[in-house]
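# Coordinate inspection notes
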Amino acid sequence: MQELQDAPLAPLTTFRLGGPATRLITATTDDEVIAAVREADDSGTPLLLIGGGSNLVIGDKGFEGTALRIATRGIALEGTALELAAGEVWTDAVARTVEAGLAGIECLAGIPGSAGATPIQNVGAYGQEVSSTITEVVAYDRRTRETVVVPNADCAFSYRHSRFKAEPERFVVLRVRFALEDASGLSAPVRYAETARALGVGPGDRVPLAAARETVLELRSGKGMVLDAEDHDTWSAGSFFTNPILTDEEFAVFYARVAERLGEGVNPPAYPAGEGRTKTSAAWLIDKSGFTKGYGTGPARISTKHTLALTNRGAATTEDLLALAREVVAGVHAAFGITLVNEPVTVGVSL
């Protein structure tokens, strides 16, 4: 277990932003993770968990406390059962399952971050969410001071949310277990229209696993959503805002605002999100509010490839980023009456 004092945190995040931590511990085993957590809890020291750093916005002043970097490793495949250590690089794990001929997470290729973060956010993209394949999550419960196994039914998964996100001070994810599918080298049914078009198939069709993964990687790359140190469009947290989910009444008000601003006959994106609820597109809202690709003149700007990504152009501070985020939130609310919610976790700052 490695320990550093006054340690820079910016290099551990995909934004490359944020000040130092009082202390940084890197744990490479579950036992080391638990020991570090217990030590912080016993001493009353604030604790920040860091995995791949792809969903963190850390304040310029840094973190006064212990930052625990979870760098555990381990991929176990037995039949269609997959177990990942929390510190495993997610996109590498997806590649391994595709090589093994197992379907279920192939459309989640290219998503930065670690495996342990996937159940917290209920990570999803291109028609797949981890909640559909996770069977259970092994976690350390800081309240009971025990290692627990949380079955899928008790994870309270919903859109970009889970029990683990709802109780961030309680659970530390150690391992994630999945049930995948052996479809003779074919993918799960393609659910996302953009993916289906790119593959030249209809929704619900299956394609070779490698083709599904490669197509998703190409789509993500075109939007600056695959990490590339040379591309500042990827110096981001991916999608900075979640897609709003509106009640029928809220959507009717929104629809009227769209007609008022953009004219009759303009239909905003609308997707069923459960009884009496509709999901719309944050990217569409941002664009139609006047924040187009590349928007901004400072060191933090909207990606040149996707309006949903806020980026560090190389010399930004966290305050630069937050100023841009606040401008976007205010502009979307003024235009359409909807308040966007940030997806990344903020540390020592807020919108």
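Everything quoted here is computed from the prediction, not taken from an experiment.

### Topic: the sheet that holds strand β13 (residues 245–247)
- The sheet built from three strands is open, its strands ordered β13-β15-β14 with antiparallel pairing. Looking at which strands have only one partner, the edges of the open sheet turn out to be β13 and β14 (271–272).
- With two bridges connecting them, β14 and strand β15 (residues 277–279) associate as antiparallel partners. The residue of β15 that forms the bridge with Pro272 is Thr278.

### Remarks on the pattern of salt bridges
- For the structure on display, the rule yields 20 salt bridges.
- One salt bridge connects Asp233 with Lys305, and the closest N-O pair in it is separated by 2.7 Å. Here the residue Asp233 occupies a position in the loop between α6 (209–222) and β13, and Lys305 occupies one in the loop between β16 (300–302) and β17 (310–312), the gap between them amounting to 72 residues.
- Linked by salt bridges that have partners in common, Asp30, Glu83, Glu136, Arg175 and Arg177 make up one network.

### A closer look at the sheet that holds strand β1 (residues 2–8)
- Ordered by their spatial adjacency, four strands build an open sheet running β1-β2-β5-β3, and the pairing between neighbours is mixed. Two strands lie at the open edges of the sheet, namely β1 and β3 (47–50), each paired on one side alone. Each adjacent strand pair in this sheet contributes to an overall mean axis angle of 25°, direction not counted.
- Alignment of β3 against strand β5 (residues 63–70), held across four bridges, turns out to be parallel. Each bridged residue has a counterpart across the sheet, and for Leu48 the counterpart in β5 is Ala67.
- Its contacts with the sheet place helix α1 (residues 30–43) against β2 (20–27), β3 and β5, and it is angled at close to 145° to β2.

### Describing the packing of helix α7 (residues 248–262) against helix α9 (residues 318–336)
- Viewed as axis vectors pointing N to C, α7 and α9 meet at an angle of 90°, and their least axial separation amounts to 8 Å. On the basis of the axis angle, α7 is roughly perpendicular to α9. Across from Phe254, Arg257, Val258, Arg261 and Leu262 in α7, the residues of α9 making contact are His333, Ala334, Ala335 and Phe336.
- Residues belonging to the contact of α7 with α9 are distributed by class as follows: six nonpolar, one polar and two charged.

About the criteria used
- Residues numbered from 1 in each chain as written.
- Predicted model: local features only at pLDDT ≥ 70, side-chain atom pairs only at ≥ 80, totals over all residues.
- Heavy atoms only, no water.
- Pairing = 2+ DSSP bridges.
- Helix = DSSP H or I, 4+ residues; strand = E, 2+ residues; numbered from the N terminus.
- Salt bridge = Lys/Arg side-chain N within 4 Å of Asp/Glu carboxyl O.
- Axes fitted to C-alpha atoms, helices over the stretch in contact; angles between N-to-C directions.
- Contact = heavy atoms within 4.5 Å.
- Parallel < 35°, antiparallel > 145°, perpendicular 65-115°, else oblique.
- Nonpolar A, V, L, I, M, F, W, Y, C, P; charged D, E, K, R; others polar.

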